[in-house]
Amino acid sequence: MAFFVEVLVGGLLAGVMYSLVALGFVLIFKASGVFNFAQGAMVLAAATTYAGLVDRGWSGWAAFLAALGVMILFALATERFVLRPLVNQPQISLFMATIGLTFVLEGLSQAVWGSVVRGLDLGIPDTPLEVKGVLISKFDLVASATAGGLVVILALFFQKTRVGRALRAVADDHQAALSVGIPLERIWAVVWAAAGAVALVTGLLWGSRLGVQFALTQIALKALPVIILGGFTSIAGAIVGGLMVGASEKVAEVYLGPIIGGGIENWFPYLLALLFLLVRPDGLFGEKRIERV
Amino acid sequence: MIYREAGQFRISYAADQRIFPISQDRVGMMLILAAAFIAVPLFASEYVLSALLIPMLVLALAALGLNILTGYAGQFSLGTAAFMSVGAFAAYNLQLRLPWLPLLVTFALAGLISAGVGLVFGLPSLRIKGFYLAVATLAAQFFVDWLFTKVGWFSNYSSSGVITAQRMVIGGVAFETPVRRYLLVLAIVSLLALLAKNLARSRTGRSWMAVRDMDVAAEVIGIPILTTKLLAFAVSSFYCGVAGALWAFAYLGTVEPQAFDLQRSLQILFMVIIGGLGTVMGAFLGAAFITLFPLVLNWLFHAVVRGDVRAGLLSQLELVCFGALIILFLIAEPHGFARLWQIGKEKLRLWPFPH
Amino acid sequence: MRTNNRWWLPAALVAVALGAGPARADGEQFMPVPSYRTGPYAAGGTSLYGGFIDYMNLVNMRDGGINGVKLTWEECETEYKPDRGIECYERLKAKGPTGAAMFHFYSTGIAYAVLAKATADKIPLVTIAHGRTDAADGRFFPYVFPLITHYWSLNTDIVRYIGQREGGMAKLKGKKIVHLHHGSAYGKEPNVVFQKQAEKYGFEAKIIEVPAPGSEQQAQWLEIRQFKPDWVIVTGWGVMNPAMLKNAARVGFPMDHIIGNFWTGSEEDVEPVGAAAKGYISALINPPGKEFKVIQEVERVVYGAGKGNMADKNRVGSIYYNRGVLTGIVSVEAIKVAQGKFGKKPLTGEQIRWGLENLNLDAARIAAIGATNFVQPLKVTCADHEGGGAAKFQQWDGTKWKVISDWVQADKELVRPLIEESAMKYAKENNIPQRDCAKEKS
């Protein structure tokens, strides 16, 4: 029984890490309707900038601010050069453009900072905590706290501030928002910058787990089942989806895995998400689409 | 002036319904086919045949399959590589266990098996739409990947899971040399492209386009959504399956699940989008662009920047250039190369007059 | 217009490619360098091929080439993908006055894909520490050379080392050993040999797969914690490695009872984990460090003249860099052997194949190169294309690697029959004739 709790808790904590990544996707999709495939590359670029600067001797906070600045610049550039010219184009073209962005970001960060693998020490010890015979990782706890904190900040931002309200208006209906006088370009820049900040935090946490290397871009794949479970447009959905995916993935691997043959972690979350989608085709918390003929 | 219809009268319905009703188009097509079948094998080097043209043609076939699904029927799919994988492994196993089957029948059967798998993974499309469906098809991608790595039977219990595709022999003639392999691939691809074009023009194609445009309305006027969508998945997976079999047999020579990963699915999706959604020619143009352009960039960089520039830096810069060009191209023409070609033809109809 | 609308483009490319390109002097031996400097394995690839190029530069600059024949090379980015690998192969195979000398792809997928083509084109495919293991049986694979040590020999080396640490192979009976591997063709390779050794020595074997790419291993390590093995052997690659170490630390598994293979023990893998990985052991076919004469020569001659390939000089002496130098050493020595028979001029792939097959690096020759303790003695024959089979072991002390053992020899008695069985199965499936090694003695 203790083992099951251990696996479950480990899974839940891992799931929070996934939802961190999913948050970036949700932010952008919510506000601009773009499925941002470049989120993984943004994580890499942010983490590499931070690690590269720290390597050069910068202090942690200075590097953090500098990396944040880089992501904001990137958001501004993307809005100006990619999103604005492609306004009103079909979703699939925008998706494709974000793939182009992925290549640009990957190439640039590796060209500027090199392809060396860097360690990231955030000062969080990774020694296990033992609570009633269940092993819990300190690092995962800190990561969950961070993710939780981020969600609270983002939720407050969306609900309480003017910019947040404008973002919700844009997400609801671009045309209506424009007609009320909300500056679409500035909103998009803000959203992409926010996603960039989320990417930076994600990059720091994942980078200290795996080392800052190219493989960080593949973290984005982990977030996909989370957003289809939770819904593309819901922040709460990202968290709930992440928890479900994380827990089910680990429990399935340990208990179902040996029966079927092991290594099922990769596709099990997708299967689960698929089954949920059959019941709720827009995700658990996603916006229900209304189709009119 | 040259490209005019004046003087061409179509005196039968059959003549009117041709794929190329204008005779200049027909002549142009014949020239291209002649060049592809005769001139290229005669003049192209082995490098061009084996490393450029064969992969381009095979991927164009897969892009055709995805175009049928995403371009004509409007079902967004990211599982293309999984269906290619199924086709490749099916062809290998058929050749292994039923060696008396003729090779072309093997490829066709592999395509059918792949179509079956596509049917199963296409079932969610009846309920799920858009990006949700795309991510759901990723389930196919990862599951198939896992299945072929895990279950030794598919790879004939080889210790590493990589299998070597058998030699291709049709009617006693071995297809080993680059020229022969190229001709075989070209023949299969041309035939299937013709089939796709005709499918698109038929009632099936029209019902797909109706479902793509507004499926609720299509259902209202009596188009059976269930069979239409599932047929799209099946036909698309058939094409992808044959493409996968060709990729393994005629190009790589080996079959391993890693060759058909998510990157491959995305690559084929790029081809379809850059080439032009919903056109047969778009598949070929997109395939040509995506396979040849990185090499062009590579060659360009090497020719322009000689000497002591770090090789790694060059490769990274190529990647940046490629990404930037994709974005630029999408901004310039979001409907892809096929649309550019269409505009070109329309302008040619009027040339030298401006309007 | 339906089909290939730009048929003239490839023709134009070929024409220009033939025209452009630096003028090649006659009298030079061409070595293709199919590197991967982008993508997830770029860190390793940059060091590997950097070391290789640096050694070739050393031979050119210090010795004036191989008996006067200078080496020239051209890089081609494969991105570690089989289709790019084939494109690079086709592009580079005919370059130079006599064609490509040999190919080092350092990617199992590409090696498999190019195997049949290289054999048909008569260009040796050297697959040091990767590729098709059963190609060690040279009777069926005349053009493939999995030199030095392949996965199966390595697995026996690791088990033998474990035996050493336990106080003798007999002590292995009843012990529990886990093989944690990457979920790919590469990762599965050693399983056959691992199981056979479990039968032979009586230890309980458990095989656990980590789905590629391997950044998530929590479930697997919880399983390991439940199983309570004595040792864990890891066949990892890329991001799986640091993730493996972190997860092991997290469940509190003792680091000095984890042994990684030669692709699971580089600085790139351990540095992100740092002090937490202290005690971790990995196998190697070449030691790290700059204390070897050959590495010092590279620094003195090549970096001294500012022609070093590595942008970050701190990487000189790392595991992968040294492996690249090892690649260079083996390639140059093979060409020397071939020149002994065919003359001191640029040689064709077929002639260099002979050189590879008759490569005999003994202690005297190794000392002359300045590679004592760096490369193991190698004797390649027609039937045995591996030539070595031994491995050393190193341990991470928190900041760097320290070699902690001497060369551990492979269990050839156990491995050879398995290789022959697998090679014959391949030969039957593909109608490959068996070479008669006795007749070919020349």
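Everything numeric here is computed off the predicted structure, so don't read it as measured data. (Residues numbered from 1 in each chain as written. Chains lettered and ligands numbered in written order. Predicted model: local features only at pLDDT ≥ 70, side-chain atom pairs only at ≥ 80, totals over all residues. Heavy atoms only, no water.)

Visitor: For this particular structure, what's the right way to read the overall build of chain C?
Guide: Per the secondary structure count, chain C includes 15 helices and 13 strands. For a compact globule of 442 residues, the expected C-alpha radius of gyration is about 22 Å, and chain C comes in at 22 Å, within 12% of that figure. Classification of the 442 residues of chain C by burial places 66% in the buried group. When the accessible area of chain C is evaluated, it comes to approximately 14300 Å², of which 52% is carbon and sulfur surface. Each charge class in chain C was averaged separately, 54 positive and 47 negative side chains, and the resulting centres sit 1 Å apart. (Helix = DSSP H or I, 4+ residues; strand = E, 2+ residues; numbered from the N terminus. Rg over C-alpha atoms; globule rule 2.2 N^0.38 Å. Buried < 20%, exposed > 50% of the residue type's maximum accessible area, 1.4 Å probe, protein only. Areas by Shrake-Rupley, 256 points an atom, 1.4 Å probe, with all protein chains shown as cover. Lys, Arg positive; Asp, Glu negative; His and termini not counted. Charge placed at Lys NZ, Arg CZ, Asp CG, Glu CD.)

Visitor: For this particular structure, what's the right way to read the interface of chain C and chain B?
Guide: Interface size is often expressed as the accessible area that is lost when the parts come together. Chain C puts 50 residues into the contact, and the matching count from chain B is 56 residues. A buried area of about 5100 Å², summed over both sides, lies between chain C and chain B, and 60% of it is on carbon and sulfur atoms. A salt bridge links Lys93(C) to Glu46(B); its shortest N-O distance comes to 2.6 Å. Counting every contact that joins chain C to chain B gives 11 residue pairs in polar contact (both at pLDDT 80 or more). When residues of the side of chain C that touches chain B are traced back to their parent elements, those giving at least two are α1 (8–19), α3 (82–92), α4 (108–121), α6 (185–188) and α15 (412–430) of chain C. Counting residues per element, the side of chain C that touches chain B draws most heavily on α3(C), which supplies seven residues. A class-by-class count of the residues in the side of chain C that touches chain B yields 19 nonpolar, 11 polar and 20 charged. (Contact = heavy atoms within 4.5 Å. Buried area = accessible area lost by both parts, 1.4 Å probe. Salt bridge = Lys/Arg side-chain N within 4 Å of Asp/Glu carboxyl O. Polar contact = N/O pair within 3.5 Å; in protein donor to acceptor, adjacent residues only side chain to side chain. Nonpolar A, V, L, I, M, F, W, Y, C, P; charged D, E, K, R; others polar.)

Visitor: Help me out: how do you make sense of the pattern of salt bridges in this one?
Guide: Any two side chains of opposite charge can pair if their charged atoms end up close together. In total, this model carries 44 salt bridges over all chains according to the counting rule given. Of the charged contacts in the structure, one is a salt bridge between Asp140(A) and Arg250(C), with a shortest N-O distance of 3.5 Å. On the criterion of chain membership, the pair formed by Asp140(A) in helix α5 (residues 138–160) and Arg250(C) in helix α9 (residues 240–251) is interchain, its members lying in two chains. The exposure class of Asp140(A) is buried, given its relative accessible area of 0%. Overall, the relative accessible area of 7% leaves Arg250(C) in the buried class. Salt-bridge contacts for Arg37(C) lead to Glu75(C); the nearest nitrogen and oxygen are separated by 2.9 Å.

Visitor: I'm lost on the packing of helix α10 (residues 235–260) of chain A against helix α11 (residues 268–279) of chain A in this one. Help?
Guide: Two packed helices can be described by the angle between their axes and the distance between those axes. Residue and element names in this part refer to chain A. In the contact formed by α10 and α11, the axes pass within 9 Å of each other and the chain directions differ by 120 degrees. As judged from the angle between their axes, α10 and α11 are oblique. Our pair here, α10 against α11, has a crossing hand that is right-handed. Contact residues: α10 offers Met 244, Val 245, Ser 248, Glu 249, Ala 252 and Leu 256, while α11 offers Phe 268, Pro 269, Leu 272 and Phe 276. Of the residues belonging to the contact of α10 with α11, the class tally is eight nonpolar, one polar and one charged. (Axes fitted to C-alpha atoms, helices over the stretch in contact; angles between N-to-C directions. Parallel < 35°, antiparallel > 145°, perpendicular 65-115°, else oblique. Left-handed = near helix turned anticlockwise from the far one by under 90°.)

Visitor: Could you clarify how one ought to interpret the sheet that holds strand β5 (residues 176–182) of chain C in this entry?
Guide: Across a sheet, strands are paired by hydrogen bonds formed along the backbone, either parallel or antiparallel in direction. All names here are of chain C. Here seven strands make up an open sheet; going across it, the order is β6-β5-β7-β8-β9-β12-β13 and the pairing mixed. Here the strands that pair on one side only, and so sit at the sheet edges, are β6 (204–210) and β13 (401–403). Across the sheet, the mean angle separating the axes of adjacent strands is 25 degrees when strand polarity is ignored. As paired strands, strand β8 (residues 258–260) and strand β9 (residues 281–284) are joined by two bridges and run parallel to one another. In the strand pairing of β9, Gly 260 is matched with Ser 282. (Pairing = 2+ DSSP bridges.)

Visitor: Where do I start with the environment of Gly87(B) in this structure?
Guide: Residue and element names in this part refer to chain B. Within the element layout of this structure, Gly 87 appears in helix α4 (residues 80–97). Expressed as a C-alpha distance, the spacing of Gly 87 and Ala 187, which sit 100 residues apart in the sequence, is 18 Å. Those residues in contact with Gly 87 that lie beyond four places of it in its chain are Ala 110, Ser 114, Gly 241 and Ala 245.

Visitor: Sorry, what's going on with helix α9 (residues 219–230) of chain A here?
Guide: For an α-helix, 3.6 residues make a turn, and residues three or four places apart therefore share a direction. All names here are of chain A. End to end, α9 covers 17 Å across 12 residues, agreeing with the expected 16 Å (1.5 Å per residue, within 8%). Of all the 12 residues making up α9, 11 are buried; the element is thus mostly covered by neighbouring parts of the structure. Along α9, the positions that sit buried rather than exposed are Ile 219, Ala 220, Lys 222, Ala 223, Leu 224, Pro 225, Val 226, Ile 227, Ile 228, Leu 229 and Gly 230. Of the residues one or two after α9, Gly 231 is the one with positive phi, at around 100 degrees. (Expected span 1.5 Å × (residues − 1).)

Visitor: So what exactly am I meant to see when it comes to the state of the cysteines here?
Guide: What makes a disulfide is a covalent bond joining the sulfur atoms belonging to two cysteines. As enumerated under the stated definition, the model contains two disulfides over all chains in all. The disulfide partner of Cys382(C) is Cys437(C), and the gap between their sulfur atoms is 1.9 Å. Residues Cys382(C) and Cys437(C) share a disulfide whose torsion about the S-S bond is about -70 degrees; that sign makes it left-handed. Here Cys382(C) is found in the loop between β11 (378–379) and β12 (392–396), whereas its partner Cys437(C) is found in the segment after α15, with 55 residues between them in sequence. Neither residue differs from the other here; Cys382(C) and Cys437(C) are each classed as buried. Summary of cysteine pairing: Cys321(B) is not part of a disulfide, and the nearest cysteine sulfur, belonging to Cys76(C), is at 18 Å. (Disulfide = S-S within 2.5 Å.)

Visitor: Looking at this model, I keep getting lost on the interface of chain A and chain B. Mind explaining?
Guide: Listed as interface residues are 49 residues of chain A and, on the opposing side, 39 residues of chain B. Carbon and sulfur atoms supply 81% of the area that chain A and chain B bury against each other, a total of about 4000 Å² over both sides. Linking chain A to chain B there are zero salt bridges. At the boundary of chain A and chain B, one finds three residue pairs in polar contact (both at pLDDT 80 or more). Breaking the side of chain A that touches chain B down by element, the ones donating at least two residues are α3 (60–83), α4 (91–113), α9 and α11 of chain A. Of the residues forming the side of chain A that touches chain B, the biggest block, 16 residues, is contributed by α4(A). Taken together, the residues that form the side of chain A that touches chain B break down as 32 nonpolar, 12 polar and five charged.

Visitor: Looking at this model, I keep getting lost on a nonpolar patch on the surface. Mind explaining?
Guide: Nonpolar side chains collect at one region of the surface, where Leu119(B), Val120(B), Leu123(B), Leu126(B) and Leu226(B) lie side by side and expose about 410 Å² of accessible area between them. Residue position: Leu126(B) is located in the loop between α5 (103–122) and α6 (130–150). (Patch = residues over 30% accessible without salt bridge, like charges linked within 9 Å, V, L, I, M, F, W, Y side chains within 5 Å.)

Visitor: What exactly am I supposed to notice about the packing of helix α8 (residues 184–210) of chain A against α9(C) here?
Guide: Axis separation between α8(A) and α9(C) bottoms out at 7 Å; the angle between their running directions is 85 degrees. Between α8(A) and α9(C), the angle falls in the class roughly perpendicular. On α9(C), the residues that touch Ser208(A), Arg209(A) and Leu210(A) of α8(A) are Pro242(C), Ala243(C), Lys246(C) and Arg250(C).

Visitor: What am I meant to see in the pairing of strand β7 (residues 231–235) of chain C here?
Guide: Consecutive residues of a regular strand have side chains that alternate between opposite faces of the sheet. Residue and element names in this part refer to chain C. Of all five residues in β7, five are buried, a share of seventy percent or more. Residues Trp 231, Ile 233 and Thr 235 of β7 are buried on one face, and the alternating residues Val 232 and Val 234, pointing to the opposite face, are buried as well. Relative to β7, β5 is paired through five bridges, and the arrangement is parallel. What sits directly across from His 181, in β7, is Thr 235. Relative to β8, β7 is paired through three bridges, and the arrangement is parallel. By the bridge assignment for β8, Val 234 is matched with Gly 260. The β-α-β motif built from β7, the intervening α9 and the parallel element β8 has right-handed crossover chirality. (Right-handed = clockwise from strand over helix to strand, strands pointing away.)

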